[in-house]
Amino acid sequence: MKILYAIQGTGNGHISRAREIVPLLQQYGELDLLISGTQAEVSLSQPLKYKFHGFSFVFGTKGGVDNWATFKIMNLPQLWRDMHSLPLKNYDLIINDFEPVSAWACKLQKIPSVSLSHQCSFISPNTPRPQKWNYAEWLFKYYSPTTYHVGFHFERYADFIHTPVIRSEIRNMETSNKGHYTVYLPAYDDKTLLNYLGKTDVEWHIFSKRQKNATRIGNVHICPVNNHEFNKSLASCTGLLTGGGFEGPAEALFLQKKVLMIPMTGQYEQRCNALSASKLGVPVVNEIDGNFNNHIANWLNDDKKIQVNFPDETAAIVDNLVKTYAK
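This text gives an overview of the structure that appears in the document. Quick caveat: nothing in here was measured; it's all calculated off a predicted structure. (Residues numbered from 1 in each chain as written. Predicted model: local features only at pLDDT ≥ 70, side-chain atom pairs only at ≥ 80, totals over all residues. Heavy atoms only, no water.)

**Section: the sheet that holds strand β2 (residues 30-36)**
Step number 1: If you trace the 7 strands from one edge of the open sheet to the other, you get β3-β2-β1-β4-β5-β6-β7, paired in parallel fashion. Single-partner strands in this sheet number two, and they are β3 (50-52) and β7 (161-162).
Step number 2: By the bridge criterion, 4 bridges tie strand β5 (residues 114-117) to strand β6 (residues 148-152) in an arrangement that is parallel. Bridge assignment links Val-114 to a residue of β6, and that residue is Tyr-148.
Step number 3: Strands in contact with helix α1 (residues 13-25) are β1 (2-8), β2, β4 (93-97), β5 and β6; relative to β1, the strand with the most contacts, it is inclined by about 170°. (Pairing = 2+ DSSP bridges. Helix = DSSP H or I, 4+ residues; strand = E, 2+ residues; numbered from the N terminus. Contact = heavy atoms within 4.5 Å. Axes fitted to C-alpha atoms, helices over the stretch in contact; angles between N-to-C directions.)

Structure (structure tokens):
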């Protein structure tokens with residue numbers, strides 16, 4: 001059997017989940033990997049068959065997307081060429097994690113494909129939204145259109161939605177509480193975070209997309225994003241301060257760490273994620289502003305533990321997907 005697994009390369013969550021899924025898929029036949037997009041620091045250990053520029057956004061420094069930088073890296077003619085040139089006829093199964101080149105190539109060539117992603121959970125109207133309609137609903141539907149859907153979210157809002165994939169390296173991790181807090185807020189610059197966090201009396205580990213070498217300023221450590229170092233910090237922290245992503249908060253909750261989420265400004269999916277997490281009891285702050293010190297102080301003083309049930313079902317999900325959708 002020949003399988004193509006296409007992965008979104010914007011951010012680290014998609015590739016982090018793929019690190020768990022790729023070895024499972026390799027048990028079923030010859031696996032080719034495709035990644036499109038930029039802005040990811042995490043990588044796969046397996047070689048790629050295809051690497052495309054794709055269609056990505058660039059993180060800003062004030063809590064949102066840098067629209068100008070996103071526009072500058074956009075290459076729609078190349079995206080069009082890649083969609084039309086990708087050879088798909090020989091694959092028995094095409095799996096897609098919110099990756100647009102292969103999704104549209106499948107649509108153009110009339111070949112079925114299967115979503116295996118967090119984003120496809122929004123196909124269900126039961127998945128929480130902060131409002132009934134937003135232009136980003138169009139993005140959920142048309143950015144990476146597929147024939148079938150296998151989704152992930154904090155809760156099972158529909159039959160095709162499963163609880164998060166927690167990587168084996170996280171499930172098997174020995175945890176402790178050394179009193180520090182881990183931070184991943186790529187849409188904010190280090191200076192902004194330092195201005196607020198440096199005024200507290202606890203230790204912070206900021207993992208920064210902009211920092212090339214580790215440094216320490218007072219009670220704040222600023223480190224380049226690195227999977228091993230981030231996992232080590234997360235395993236021994238008291239809590240995680242992060243954006244409105246999905247995989248990072250899910251892993252922290254699984255490890256019984258406190259979580260505070262700050263969804264990116266204008267990023268609808270992150271607002272949806274934050275709403276879902278808040279239903280579990282996770283505190284959410286909409287932006288870093290003049291009240292942020294109070295929000296941080298309240299969170300630091302809150303010792304409430306959130307209980308989640310994220311069973312290890314990944315192998316069974318992959319097995320069912322292959323047996324159901326392969327030619």
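Continuing now.
**Thoughts on the pattern of salt bridges**
Step number 1: Under the counting rule described, the total for this entry stands at 9 salt bridges.
Step number 2: Among the salt bridges present, the one from Arg-167 reaches Glu-251, with a minimum N-O distance of 2.8 Å. Taken together, the residues Arg-167 in the loop between β7 and α6 (168-171) and Glu-251 in helix α9 (residues 247-254) connect sequence positions 84 residues apart.
Step number 3: Taking the shortest distance from any N to any O, the salt bridge between Arg-171 and Asp-312 comes out at 3.9 Å. One end of the pair, Arg-171, is in helix α6; the other, Asp-312, is in the loop between α11 (292-301) and α12 (314-325), with 141 residues separating them in the sequence.
Step number 4: The exposure class assigned to Arg-171 is buried, which follows from its relative accessible area of 19%.
Step number 5: Asp-312 gets classed as exposed once you look at its relative accessible area, which sits at 53%.
Step number 6: Each of Arg-19, Arg-167, Glu-169 and Glu-251 takes part in one network of salt bridges that share partners. (Salt bridge = Lys/Arg side-chain N within 4 Å of Asp/Glu carboxyl O. Buried < 20%, exposed > 50% of the residue type's maximum accessible area, 1.4 Å probe, protein only.)

**As for the pairing of β2**
Step number 1: Taking burial as the measure, the 7 residues of β2 include 6 buried ones, the bulk of the element.
Step number 2: Relative to β2, β1 runs parallel, the two being bridged by 7 bridges. Bridge assignment links Ala-6 to a residue of β2, and that residue is Leu-34.
Step number 3: Judged from the 3 bridges that link them, β2 and β3 form a sheet pairing that is parallel. Directly across from Ile-35, in β3, lies its bridge partner Lys-51.

Honestly, that's just the spatial picture; any functional story needs more than this.
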